[in-house]
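Breakdown of the fold
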Amino acid sequence: MPLSALGAAFFLLLGLFSARVGVYMAHPGRSAVYDCDGQLQRRTSPTEMRLWLIAWMTMGLGWVCLGVTILRYANGHNVSVPTSAPLIYHLI
């Protein structure tokens with residue numbers, strides 16, 4: 001297995017892990033704490049949780065795109081995308 005494929009696999013896994021962390025941290029049960037009286041209190045607001053979810057998901061998407069880019073262009077520098085290819089290939 002070429003070294004570039006291992007690097008690309010690392011970035012793909014890093015991106016998927018980042019997205020998973022975002023979903024895990026945005027779960028409402030993760031932001032609840034109990035005080036000494038047994039009352040439920042929130043550590044973060046729902047808006048802050050959504051913003052962190054968006055941040056983690058965007059970071060994960062960026063790592064996945066970097067991994068896909070490494071996989072696509074590891075074979076050579078002169079890789080051309082045909083005009084009939086889907087839009088996602090042109091963006092990557």
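Residues numbered from 1 in each chain as written. Predicted model: local features only at pLDDT ≥ 70, side-chain atom pairs only at ≥ 80, totals over all residues. Heavy atoms only, no water.

It is worth spelling out the overall build of the protein chain at this point. Scanning the protein chain from N- to C-terminus turns up 3 helices and 2 strands. Helices (α) and strands (β) of the protein chain occur, in sequence order from the N terminus, as α-β-β-α-α. By residue count, 14% of the 92 residues in the protein chain fall in the buried class. Nonlocal contacts in the protein chain, meaning residues at least 24 apart in sequence, comprise 51% of its contacts between residues at least 6 apart. For the protein chain, the exposed surface amounts to about 7000 Å²; the carbon and sulfur share of it is 68%. (Helix = DSSP H or I, 4+ residues; strand = E, 2+ residues; numbered from the N terminus. Buried < 20%, exposed > 50% of the residue type's maximum accessible area, 1.4 Å probe, protein only. Contact = heavy atoms within 4.5 Å. Areas by Shrake-Rupley, 256 points an atom, 1.4 Å probe, with all protein chains shown as cover.)

The predicted model of the protein chain averages 76 in pLDDT, with 71% of residues at 70 or higher. For the protein chain, the element scoring lowest by mean pLDDT is strand β1 (residues 32-34), at 60; helix α2 (residues 46-73) scores highest, at 83. (pLDDT = per-residue confidence, 0-100.)

For the rest of this paragraph, the subject is the environment of Ser-80. Checked against the element boundaries, Ser-80 lands in the loop between α2 and α3 (87-91). Taking the C-alpha atoms as reference points, Ser-80 and His-90, 10 residues apart in sequence, are found 9.6 Å from one another.

This brings us to the environment of Ile-54. Along the chain, Ile-54 turns up in helix α2. Of the residues examined, Ile-54 reaches a relative accessible area of 51% and is grouped as exposed. In the structure, Ile-54 is positioned 28 residues away from Ala-26 in sequence and 9.6 Å away in space, judged by C-alpha atoms.

Across all of its chains, the model carries 2 aromatic pairs by this definition. When the centroid spacing of 5.4 Å and the interplanar angle of 5 degrees are considered together, the rings of Phe-11 and Trp-63 count as stacked. Of the two residues, Phe-11 sits in helix α1 (residues 3-25) while Trp-63 sits in helix α2, which places them 52 residues apart along the sequence. Given the relative accessible area of 28%, Trp-63 is considered partly exposed. (Phe/Tyr/Trp six-rings, centres within 6.5 Å; stacked < 30°, edge-to-face > 60°.)

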